[in-house]
Structures are given as structure tokens and as C-alpha cells.
Amino acid sequence: MSTNYFNLTLILFASFTFFLTNCDNKSKAIDVNYLKEGVLCTETIPLDFIDESGKIVSKYIDSVKFSYLDSIAFTDNNPDRLKVYSTPAPLDFTKKIEPYSPEYYMAYTVFNIIKVIEYYNGLFDNKIDFNSQEEYKTIEVTIGDTPYLTSPKVYIFEANSNPSPSLFFHEIGHRAFWYIEEGLGIKFKGLSYIHMGLLEYFTVSLNNSPLVGEDFLPEKGMRNADWVYGYPPHDSLSLKGLLDAIAASYPQKIQNPNSNVFKFYDVNMNAYKDYLDEIDNHRGGMIITSTLWRIREQLGQEMTDGLVARTILDLNKFMDTRSEFYNAAENEKLRDKIEWYDLYYGLIQKDKDLNEGKGIEIIKNEFTRTGFLINVVKL
Ligand SMILES: [Zn+2]
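Residues numbered from 1 in each chain as written. Predicted model: local features only at pLDDT ≥ 70, side-chain atom pairs only at ≥ 80, totals over all residues.

Hey, could you run me through the overall build of the chain in this one?
Helices and strands together make up the secondary structure of the chain, namely 12 helices and eight strands. The C-alpha radius of gyration of the chain comes to 21 Å, within 12% of the 21 Å expected for a compact globule of 379 residues. Oriented by its inertia axes, the alpha-carbon framework of the chain measures out at about 65 × 50 × 35 Å. Sorting the 379 residues of the chain into buried and exposed places 45% on the buried side. In the chain, the share of contacts with a sequence separation of at least 24, taken over all contacts with a separation of at least 6, comes to 69%. (Helix = DSSP H or I, 4+ residues; strand = E, 2+ residues; numbered from the N terminus. Rg over C-alpha atoms; globule rule 2.2 N^0.38 Å. Buried ≥ 20, exposed ≤ 12 C-beta atoms within 10 Å, placed from the backbone. Contact = placed C-beta atoms within 7 Å.)

Shown next as C-alpha cells:
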């Protein structure tokens, strides 16, 4: 999981609305609502993953549970040892699905989990073995006030909220990138800003919008690939900046020591008190995400998605040839982990292979705009 990497998994949610358009257990579909760039959108989603008896059938999901959140606690004051106390409630997919009901949120979740897995499978030629991650084949949907504690296993929604599907794109992105790191051996060496930035590129690309977090992240912790996140990272991208943003998003609740947001804030503030200046990997990753997003605006989704995915698969190979392209400063110690210049060099090499170099000038310009000193790379 994401322990040890300052991964304050901020995933928060909101509400939607649905209607069962057809109750005869054939050609079923419902409408779901979610926020996209401030606008409440409605999308009709097919319910082809629900069988005649009302059971969810998917090769990616074995079983589902639903519950209402009672409280949270952190064992031994460890932010990575979250305990969620909740009361289970039954699901019945044989009846009409009411907007914002347990079945509504579950259907929204299952539909999007399958959608994201298939997106990654297509982009990475099925090299990411999602089904090897057995523990994520049982998922839980919980209604509660801590959507920022969502994980790829427990999806937490605020009652009646309309969360952006970027929630699911982000969470399944974690599973994909854990596998890219551990299963395929790409040497990010943890949730670095490079790891997170590449992950979140696919979040915004699949969402076709630069915003991550509408109606599920704390308002002041939203991420937006249209913003300029410069390199080196600005102080506000620190862990302290993140915790400040959380507190500022809940000015009333943060005053109450019994509130869930206070518990979350407090446990993290204490655990990371000696590391508050370190980069928060989720927002820090936007340095990479925003750069790639601007490249996508010029090259288009299909070309950029393919370029980024093919580059990722060969990142170790590019890193291993650093001595041929990287002008290290005197006494500079190079680390055995993927750095921005491995990614930059890799993107350009892949663009030559895949796109006849159409993207080279665009890649150079956008890395420069972010603040990377691209002259250290010999092309
Ligand atoms: Zn995350």
C-alpha cells in the first residue's frame, strides 16, 4: 500500500443522482450525476455488470459491501493504521435504483472501477495484472464525512454528494502504479513526485479535464493541471501546506477534537512533525502532471497517452543510459531512481520512435515552462 511515502490519501467525495431507466432487468441503465469543472453533469451508465438475480458480476470484482460510517481512529497514532468503524447495510439490485441510494453509489463505483482498469489495460497492453491484487477484488462503499480517506478498497462518499469520477481514476491509478513499480520493476522507488505525476496524468486525461477532486477533496486541496506548478517545488506544495489546506477547508469541524477531520489532521501533524517541509507527493506530482497535460493539449489525448505509457515501460532502460545523455554537475550524486531528466529524455526518444518527432519541440517547451533546466540533457 502507500505507507511510508507521506501519502496522505486525499480522496474526498460528493454526490450524484441516478434514475433506473429500465426496471426489467434487461438493458438496464441509470443516470449518475457528478461535477465537472463546476457543472453538474448527468451520464447514463449501463448496468451490464448486474445479473438477473441482482448480483454484481465482473472478472475484476468478487464481492461488494455497503456501510454507513460511524467513526474513525488511528491505531498507535499511526496515520497509516486507519480503523474505520461502520454499520453494514444491505444492497438490493433487484429493485429500482433511487438517486443517492446505496445501490446508486455502488453502481457508480463498480462502473468506474471497470472503466479505469480497461483503460489501463488498453494503454499498457494488459501488462498490469490487476487481478493479481486479490485484496482489491472485494470493495466497500461507505457513506460518511471523510471522502478524503478513500482507498482503492474502501470508497467513502458524503451523503448526497456528486463526486467527480476523477476519484476512481485516481484510486485505480494507485493500483496500476503500484503494479508498474512492484510487478514491472520500474524504479520510482516509492511515491515520488514522478510516480504520482505520471499517475495523475492518466487521471486527468481519462477525465478529459484538468481538475482532480471535485466534490470529494477538501476544497482547498483540489488539484488542477491547468495551474502552473513550477520546479523546483514551491513551499506551498509541502506537507505543511497540505495540512493547512485541509484545516482551512473545514474551519468549523477542525475546531472540534472529536470530528473526523480533526483526528486525521492531528495524527498526521504529529506523525510528520519533523518532515513538514517535505514535498506532499500528491500535489507535488502535479509538477509532472501539469507539464504532460499541456503537452496533451497540443498533441491530443491519443498520441500523448500512448507516448507517456510507452515511455513509462522503458524508464529503467533510459535511466540505465544516463551517462550518455545527462550532464551531471561536478560532485553531483546520481540516485538509482527515476528522475525528471530520465522521463524527459525518454519522452523525446519515444516521440521519435512513435510520432516521427512531432512532439519534440512541444516537450522541450513545456518542460522548460515548468522550470526544468533541460540543457542538462544532451539529445
Ligand atoms: Zn492518492
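How should helix α5 (residues 260-271) be read in this particular structure?
For an α-helix, 3.6 residues make a turn, and residues three or four places apart therefore share a direction. Given a rise of 1.5 Å per residue, 12 residues ought to cover 16 Å, and the 17 Å separating the end C-alpha atoms of α5 matches this to within 8%. Next to the buried residues of α5 lie β3 (63-74) and α4 (239-249). (Expected span 1.5 Å × (residues − 1).)

I'm lost on the nonpolar core in this one. Help?
Inside soluble globular proteins, nonpolar side chains tend to come together where they are buried. Membership of the largest hydrophobic core comes to 97 residues, with the highest contact counts inside it found for A107, V116, I194, Y201 and Y344. By residue number, the principal contributor to this core is helix α1 (residues 102-123), which donates 12 residues. When near neighbours in sequence (up to four residues on either side) are disregarded, I194 contacts F188, I288, I338, W340 and L343. (Core = buried A, V, L, I, M, F, W, Y, C linked by C-beta atoms within 7 Å.)

Where do I start with the sheet that holds β3 in this structure?
Through backbone hydrogen bonds, the strands of a sheet pair up, either in parallel or in antiparallel fashion. Reading across from one edge, β4-β3-β5-β6 is the order of the four strands in this open sheet, with mixed pairing throughout. In the strand order of this sheet, the two ends are held by β4 (82-88) and β6 (154-157), each with one partner. The mean angle between the axes of side-by-side strands here comes to 45°, regardless of whether they run parallel or antiparallel. Pairing of β3 with strand β5 (residues 138-143) involves six bridges; the strand directions are parallel. Note on β5: the bridge partner recorded for K65 is E140. (Pairing = 2+ DSSP bridges. Axes fitted to C-alpha atoms, helices over the stretch in contact; angles between N-to-C directions.)

Would you explain the packing of α4 against α5 in this entry?
Two elements in contact, α4 and α5, have axes whose closest approach is 11 Å; the angle formed by their N-to-C orientations is 165°. It follows that α4 is roughly antiparallel to α5 by the angle criterion. Read as a crossing pair, α4 and α5 show a hand that is left-handed. Facing α4, whose interface residues are L243, I246 and A247, α5 presents V261, Y265, N268 and M269. Partitioned by chemical class, the residues of the contact of α4 with α5 number six nonpolar, one polar and no charged. (Parallel < 35°, antiparallel > 145°, perpendicular 65-115°, else oblique. Left-handed = near helix turned anticlockwise from the far one by under 90°. Nonpolar A, V, L, I, M, F, W, Y, C, P; charged D, E, K, R; others polar.)

Mind showing me how you'd approach the pairing of strand β2 (residues 39-46) here?
Sheet faces and side chains relate simply in a regular strand, where the side chains alternate between the two faces. Bridge count for strand β1 (residues 29-36) against β2 is eight bridges, and the pairing is antiparallel. Directly across from K36, in β2, lies its bridge partner V39. Taking the residues between adjacent antiparallel strands as the criterion, β1 and β2 are bridged by two residues, where E37 takes a positive phi near 50°.

Sorry if this is basic, but what is going on with unusual backbone geometry here?
If a residue is not glycine, its phi is most likely negative; likewise, a peptide bond is most likely trans. The omega torsion of the bond from Y231 to P232 falls at 0°, within 30 degrees of zero and hence cis. Within the secondary structure, P232 is located in the loop between β8 (223-224) and α4. Residues other than glycine seldom take positive phi values, yet Y100 does so here, at roughly 65°. Along the polypeptide, Y100 turns up in the loop between β4 and α1. Judged by the 19 C-beta atoms lying within 10 Å of it, Y100 falls in the partly exposed class. Positive phi outside glycine occurs at N126, with the angle close to 60°. Position of N126 relative to the elements: it lies in the loop between α1 and β5.

Can you walk me through helix α8 (residues 301-313) in this structure?
For α8, which comprises 13 residues, the first-to-last C-alpha distance of 18 Å matches the rise-based estimate of 18 Å (1.5 Å per residue) to within 8%. All of the buried residues along α8 are T304, D305, L307, V308, A309, T311 and I312. In this structure, the buried residues of α8 make contact with α1, α2 (166-182), α3 (193-207), α7 (286-299), α9 (315-320) and α11 (340-355).

What should I look at first to understand the pairing of β3 in this one?
Here β3 runs beside β4; their pairing, made up of seven bridges, is antiparallel. Counted as the bridge partner of L69 is S86 from β4.

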